[in-house]
Amino acid sequence: IAITVAMLSFAQALPAPLPGEDKAAGTIYGKFSYVNQGYPGASVYIFTLSQSKRLRQTDEDAYARAHAPGIGERQAAAIEANVRDSLSDLVSALPHTALTKTDSKGNYAAKNLPAGRRYYVLAVQVAEDGLFLAGGITPILNDKQEVRFNLRIDSRWQDRFKPMQ
């Protein structure tokens, strides 16, 4: 079964579930890009929704502040830049289900993820011209399912915290 979702890069397989863990597993894969250019070497974090709660709340709160009545375009841009820095610092400190890197074309894959849940996927790339990130919430991952989840830097900010169907 394959599902395509617009929003995330190719890497190493995850370890098999530990004894006693649910054996049902699936794969999330996709591309981290801007326009048609993939970003090689980006870190792609796979979180359960509970693991990513603090991260998503920080992002949503900043979005609400940036879009509050009376906030100008420059103020909104500054808030977004600050939240990118905060998310970058926070992401590596939080527990996560998987971590992988994008390949030379910006592709990634995370295999053997426990099935039956949604995941928050966040790609982070530090470059000479700044910090780039894109993220989003996957559909529910079913057993033996492969979910294509592309992440684009030019996606709308609010798409990072809306579940994909």
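Below: a short report on this structure. Predicted model, so just to flag it, every value in this text is computed and none were measured. (Residues numbered from 1 in each chain as written. Predicted model: local features only at pLDDT ≥ 70, side-chain atom pairs only at ≥ 80, totals over all residues. Heavy atoms only, no water.)

## Some words on the pairing of strand 8 (residues 130-137)
Next, step 1: In terms of residue burial, strand 8 counts as a mostly covered element, since seven of its eight residues are buried.
Next, step 2: In the sheet, strand 7 (residues 119-127) pairs with strand 8 via eight bridges, with the strands oriented antiparallel. Note on strand 8: the bridge partner recorded for Val121 is Gly136.
Next, step 3: As consecutive antiparallel partners, strand 7 and strand 8 are separated by two residues. (Buried < 20%, exposed > 50% of the residue type's maximum accessible area, 1.4 Å probe, protein only. Helix = DSSP H or I, 4+ residues; strand = E, 2+ residues; numbered from the N terminus. Pairing = 2+ DSSP bridges.)

## A short note on the nonpolar core
Next, step 1: Counting residues in hydrophobic clusters, the biggest one holds 20 residues, and the most contacted among them are Ile28, Phe32, Ile46, Leu113, Val121 and Leu151.
Next, step 2: Secondary-structure elements contributing two or more residues to this core are strand 2 (25-34), strand 4 (43-48), strand 6 (107-114), strand 7, strand 8 and strand 9 (146-149). (Core = buried A, V, L, I, M, F, W, Y, C linked by side-chain atoms within 4.5 Å.)

## So, unusual backbone geometry
Next, step 1: Positive phi outside glycine occurs at Asn112, with the angle close to 60°.
Next, step 2: A positive phi angle is found at Lys144, which is not glycine, with a value near 60°.
Next, step 3: Of the residues examined, Lys144 reaches a relative accessible area of 67% and is grouped as exposed.

## Thoughts on the pattern of salt bridges
Next, step 1: The tally for this structure, following the rule as stated, stands at two salt bridges.
Next, step 2: Arg84 serves as the salt-bridge partner of Glu80, at 4.0 Å between the closest nitrogen and oxygen. Residue Glu80 and its partner Arg84 are both found in helix 2 (residues 73-93); the two are separated by four residues, about one turn of the helix.
Next, step 3: For Glu80, a relative accessible area of 26% puts it in the partly exposed group.
Next, step 4: A salt bridge links Asp143 to Lys144; the shortest N-O distance between them is 3.4 Å. (Salt bridge = Lys/Arg side-chain N within 4 Å of Asp/Glu carboxyl O.)

## Side note on helix 1 (residues 53-66)
Next, step 1: Given a rise of 1.5 Å per residue, 14 residues ought to cover 20 Å, and the 20 Å separating the end C-alpha atoms of helix 1 matches this to within 8%.
Next, step 2: Looking at the buried positions of helix 1, the neighbouring elements they touch are strand 4, helix 2, strand 7 and strand 8. (Expected span 1.5 Å × (residues − 1). Contact = heavy atoms within 4.5 Å.)

## Considerations on helix 2
Next, step 1: The end-to-end C-alpha distance of helix 2 is 31 Å, a good match for the 30 Å that 21 residues give at a rise of 1.5 Å each.
Next, step 2: Turning to helix 2, its buried residues are Ala76, Ile79, Val83, Leu87, Leu90 and Val91. On an axial view of helix 2, the arc spanned by its buried residues comes to 95°, and they lie on one face. Of the residues in helix 2, the exposed ones pointing more than 90 degrees away from the buried face are Arg74 and Asp89.
Next, step 3: Buried residues belonging to helix 2 abut strand 4, helix 1, strand 7 and strand 8. (Arc of directions from axis to C-beta.)

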